Amino acid sequence: GRALVYWFTYTPPAVGSEQSQAWIGGIGEIRGSSIVVPSADSWISSGPPFGPDFDPGRVALSPWGKFVLSFTDCGNGLMYYRSDDPDYGSGSLDLRRLSSIDTLACGEPAPAPPLSQFAVFPALSGAWYDPTHEGERWLLEILSDRQALLAWFSYDPNGKQAWFLNIGEIDGDAITFDLTIPSGTDFGPGFDPAEIIRPPWGRAVFRFDGCSSGSMSYQSALEDYGSGELELVRLTSLWGLECSP
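Residues numbered from 1 in each chain as written. Predicted model: local features only at pLDDT ≥ 70, side-chain atom pairs only at ≥ 80, totals over all residues. Heavy atoms only, no water.

The helix and strand inventory of the protein stands at zero helices and 16 strands. Projected onto its principal axes, the C-alpha coordinates of the protein cover approximately 50 × 45 × 35 Å. Looking at the 245 residues of the protein, the share that counts as buried comes to 45%. Restricting the contact set of the protein to residue pairs at least 6 apart, pairs at least 24 apart contribute 49%. Here the protein displays about 12400 Å² of accessible surface, and carbon together with sulfur accounts for 51% of that area. Counting 14 positive and 31 negative side-chain charges, the protein places the centres of these two groups 5 Å from one another. (Helix = DSSP H or I, 4+ residues; strand = E, 2+ residues; numbered from the N terminus. Buried < 20%, exposed > 50% of the residue type's maximum accessible area, 1.4 Å probe, protein only. Contact = heavy atoms within 4.5 Å. Areas by Shrake-Rupley, 256 points an atom, 1.4 Å probe, with all protein chains shown as cover. Lys, Arg positive; Asp, Glu negative; His and termini not counted. Charge placed at Lys NZ, Arg CZ, Asp CG, Glu CD.)

What follows is the structure, encoded as structure tokens:
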């Protein structure tokens, strides 16, 4: 009956002179073939600078607005949005499926392989975080027995929203991602896919020691982000995929 929704996008021109990344989150109610996220359950944030001195107490959440995702079938739909911030405004977007979770057919929940058989398996898909870095998240999707998709949303060295993503390779008990940090366009009517650039951000390696824990190490190609290691703790799991102990 509930769904977690994240929207990875960019700031509108009025928010700043520089074209910046933005991410919006929300908890929605499933109503038939739609997910409805009310303004009270959506958020946009600002935070502390990225890195080892990350201070969760400096994460500030603000309601962003209402958005509704309505699906016509397993691969298509529409999204309607109305932001509380006039700079973001309102509008609608077509939805097309970009990725699917391995073993989880649309409309047909399937059990995941037991943990004893695979070090990395579909039921690890979902949202993860490090409790000492509350305010950052990783969204992980296991696409096949060889590939996974990662979106890491965080903050840049100045505390502005930032996100990094890419498809990674599964090798034994590890998933290695060479992440990019897309930028170059604006939110709303000025959005132009042709303007987006995807410079490299750096490498992240994930390892899991169970259904709900693990570790992640990273080495950024950008000097201000540096390197480090964070703990993995499960935040959400997918309906229809049970994680076997």
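So, about the packing of aromatic side chains. Inspection of every chain in the model, using the stated rule, returns 36 aromatic pairs. Ring plane angle 65° and centroid distance 5.9 Å describe the contact between phenylalanine 8 and phenylalanine 153, whose orientation is recorded as edge-to-face. Taken together, the positions of phenylalanine 8 in strand β1 (residues 2–10) and phenylalanine 153 in strand β11 (residues 147–155) put the pair 145 residues apart, joining distant regions of the chain. A relative accessible area of 1% places phenylalanine 153 in the buried class. Look at phenylalanine 164 and tyrosine 225: their rings are 5.7 Å apart centre to centre, the planes differ by 85°, and that puts the pair in the edge-to-face class. Placement of phenylalanine 164 in strand β12 (residues 161–171) and of tyrosine 225 in the loop between β15 (213–220) and β16 (227–234) is noted, with a sequence separation of 61 residues between them. (Phe/Tyr/Trp six-rings, centres within 6.5 Å; stacked < 30°, edge-to-face > 60°.)

One can find serine 83 in strand β7 (residues 76–83). Those residues in contact with serine 83 that sit more than four places away from it in its chain are Trp64, Gly65, Tyr88 and Gly89.

It is worth spelling out the nonpolar core at this point. Grouped burial of nonpolar side chains is what soluble globular proteins tend to show. Counting residues in hydrophobic clusters, the biggest one holds 31 residues, and the most contacted among them are Leu140, Trp152, Ile175 and Phe206. For this core, the elements supplying multiple residues, two or more each, are β10 (137–142), β11, β12, β13 (174–180), β14 (200–208), β15 and β16. (Core = buried A, V, L, I, M, F, W, Y, C linked by side-chain atoms within 4.5 Å.)

It is worth spelling out the state of the cysteines at this point. Per the counting criterion, the structure on display carries one disulfide. A sulfur-sulfur separation of 1.9 Å characterises the disulfide bridge that pairs cysteine 74 with cysteine 106. Across the S-S bond linking cysteine 74 and cysteine 106, the dihedral sits near -90°, which makes this disulfide left-handed. Of this pair, cysteine 74 sits in the loop between β6 (65–73) and β7 while cysteine 106 sits in the loop between β8 (90–96) and β9 (126–129); the two residues are 32 residues apart in sequence, bridging distant segments of the chain. According to the relative accessible area criterion, cysteine 74 is partly exposed, its value standing at 38%. (Disulfide = S-S within 2.5 Å.)

All chains considered together, the criterion is met by four salt bridges. Linking arginine 31 and glutamate 29 is a salt bridge whose minimum nitrogen-to-oxygen distance equals 3.3 Å. Residue glutamate 29 is classed as partly exposed on the basis of its relative accessible area, which comes to 40%. The salt bridge involving aspartate 178 is made with arginine 203; its shortest N-O contact spans 2.7 Å. With a gap of 25 residues between them, aspartate 178 in strand β13 and arginine 203 in strand β14 connect regions that are remote in the sequence. (Salt bridge = Lys/Arg side-chain N within 4 Å of Asp/Glu carboxyl O.)

Read these as spatial facts, not as claims about activity.
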